[in-house]
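# Chain and residue survey
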Amino acid sequence: MASIRSEPQEPAPVFQASDFRPRLRAGVLEYPVHHVRGGTSTGLVLWEGFAPREAALREELLRHLLGVPLSGRQPGNRQITGLGRGTPTSNKVFFADWETGAEGGRLVSTLAQLANEHADVDWSVNCGNLSSALPLWALDAGLLGDPGEGDHDILIRNTNSGVISTARIGRDRSGTLRSARIPGVEGEFPAVDLFLHEPVGAKTGRLLPTGVAQERIEGYAVSCVDVAVPMVIAAARDFGKTAHEPIQQLQADERFMAALRRVWVQAGLRMGLKRRDGQAMSAEELARSETQPKVCIVGAPAHGGHLAVRYFTPQSGHASLAVSGACCLAAAALIPGSVAWQVAEGLASPGTDFADIEVAIENPAGLLATTVVARQLDAELQIRSAAYRRNAQILLRGHMPLYRASAELVAALAAVTER
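Small disclaimer: the values here were computed from a predicted structure and weren't measured. Going along each chain's sequence as written, the residues are numbered from 1 onward. The predicted nature of this model means local features are confined to residues of pLDDT at least 70 and side-chain atom pairs, given and counted, to a pLDDT of 80 or more, with totals for whole chains, interfaces and linings taken over all residues. Side-chain descriptors were evaluated using all non-hydrogen atoms of the structure, hydrogens and water having been removed beforehand.

## Focus on unusual backbone geometry
In most cases, non-glycine residues show a negative phi, while peptide bonds are predominantly trans. Residues glutamine 292 and proline 293 are joined by a peptide bond in cis, for which omega reads -5 degrees. For the purposes of this entry, the term helix denotes a DSSP run of H or I that reaches at least four residues, the term strand denotes a run of E that reaches at least two, and both are numbered from the N terminus. With respect to the helices, strands and loops of the structure, proline 293 is situated in the loop between α6 (283–288) and β15 (294–299). With an omega dihedral of 10 degrees, the bond running from threonine 313 to proline 314 counts as a cis peptide bond. Assignment of secondary structure puts proline 314 in the loop between β16 (307–312) and α7 (323–332). Of note, the phi angle at glutamate 218 is positive, near 55 degrees, even though the residue is not glycine. Looking at the element boundaries, glutamate 218 is found in the loop between β12 (215–217) and β13 (220–227). The buried label goes to any residue with under 20% of its type's maximum accessible area, the exposed label to any with over 50%, and the partly exposed label to all in between, with areas taken from a 1.4 Å probe on protein chains only. Classification of glutamate 218 by relative accessible area gives partly exposed; the value is 43%. With phi around 55 degrees, aspartate 378 is a residue other than glycine that occupies positive phi space. If you trace the backbone, aspartate 378 turns up in the loop between β18 (366–377) and β19 (380–402).

Here it is in structure tokens:
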């Protein structure tokens with residue numbers, strides 16, 4: 001397999017060019033952005049080098065870019081002043097950069113998750129879907145030079161989760177990026193295969209954060225699993241569901257959503273989930289969290305997969321299935337006694353040697369195929385990596401005017417730009 005160069009190509013990346021810096025134009029601050037799609041998520045990629053250093057100003061910048069409230073809450077906000085699209089899957093921003101070290105060069109990503117109705121910014125988790133857009137961003141930015149023909153692997157270190165992944169892209173002899181189709185996206189687009197290395201315990205340090213494969217929370221059968229993301233996996237039948245319902249129908253069921261919220265709050269407390277500052281999340285914080293824990297209901301398959309799922313982020317139902325959540329659910333299906341293991345059908349069992357195990361998950365958009373590299377050793381499931389295929393697009397690149405930027409934000413970006 002060919003590999004990309006570990007140092008950015010000379011001359012320096014395009015972000016150093018004067019035409020792609022934050023700028024004042026007719027008295028208005030304009031900020032450079034890449035608007036991208038990765039898998040079934042859309043969002044922005046911003047270069048870390050031009051981001052404000054102060055956390056408060058960095059978050060102000062994000063609110064302007066996505067059109068969320070600058071403070072407090074604004075019920076029903078449609079984000080018409082920014083680039084967000086109203087749903088959690090389209091309110092994501094990556095700050096990205098390139099670093100070099102003993103292992104050569106790699107991308108570094110930090111995800112910010114926003115919500116349409118309030119000003120809070122969540123920095124606690126990664127997004128596997130949007131991560132698939134990072135290689136295209138790096139290519140467009142000139143960070144990778146010219147990878148040439150064949151398959152190329154790009155390391156990505158995510159600061160939110162600590163997970164290291166490898167993104168694989170490929171080019172044919174004409175220089176065209178290899179393309180693929182995925183559930184939930186019409187048509188073929190540049191393909192990106194993502195491999196998560198050592199994904200177990202990304203947030204809690206343990207495969208089973210509560211120490212058991214299955215337990216009862218609020219009267220429901222639940223498995224708490226941490227692979228790439230901490231997730232609460234509940235038996236659909238306990239809620240009177242099948243995991244084949246339309247996601248809109250589930251969200252409209254107020255009794256179901258209230259019960260699901262009680263489950264994820266109590267599960268989050270048992271898992272010991274923490275804020276970015278390392279402090280344990282309270283029940284109130286878990287109840288309003290936009291990112292953790294992820295939560296799903298699972299049931300028996302009906303359309304050729306190994307199991308079926310309806311997935312929540314957790315506040316909103318997902319139109320398909322987040323790929324980090326898919327990797328977690330696939331791993332959970334291999335844990336004897338877990339809720340996912342109990343409903344899965346036709347799934348290979350791990351042996352004593354590491355091997356690829358394919359897990360196909362039925363979701364509202366179709367079948368999402370994942371691969372878990374795992375083995376069963378001394379009654380313990382060990383997971384080396386998990387992989388999935390996405391496709392991605394650059395939707396646009398350019399500058400977005402920030403008409404309401406504070407004087408402090410303008411000054412901070414002017415200082416960054418002049419460095």
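## Side note on the pairing of β15
Where burial is concerned, most of β15 is hidden: six out of the six residues are buried. Across the two faces of β15 the burial is the same, with Lys294, Cys296 and Val298 and Val295, Ile297 and Gly299 all buried. At least two bridges found by DSSP between two strands is the condition for calling them paired. Of the pairings in the sheet, the one linking strand β14 (residues 229–235) to β15 comprises five bridges and is parallel in character. Bridging from a neighbouring strand, alanine 235 pairs with valine 298 of β15. In this structure, β15 lies alongside β16, joined through five bridges in antiparallel fashion. By the bridge assignment, cysteine 296 is partnered in β16 with tyrosine 311.

## A look at the pairing of strand β11 (residues 185–197)
Looking at chain direction, strand β9 (residues 164–171) and β11 are connected through five bridges and run antiparallel. Looking across to β11, one finds that serine 165 is bridged to leucine 196. Both strand β10 (residues 179–182) and β11 contribute to a ladder of three bridges, which runs antiparallel. Pairing of isoleucine 182 across the sheet is with valine 185, part of β11. Hairpin connection, β10 to β11: the antiparallel pair is bridged by two residues, and glycine 184 has positive phi, about 90 degrees. In terms of strand pairing, β11 meets β19 through seven bridges, oriented antiparallel.

## Observations concerning the environment of alanine 348
Within the secondary structure, alanine 348 is located in the loop between α8 (339–343) and β17 (355–363). Note on alanine 348: relative accessible area 47%, which makes it partly exposed. Sequence separation between alanine 348 and leucine 334 is 14 residues; the distance between their C-alpha atoms is 8.4 Å. Not counting the four nearest positions on each side in its chain, alanine 348 is found in contact with Leu334 and Ile357. Should any heavy atoms of two residues lie within 4.5 Å, those residues are considered in contact.

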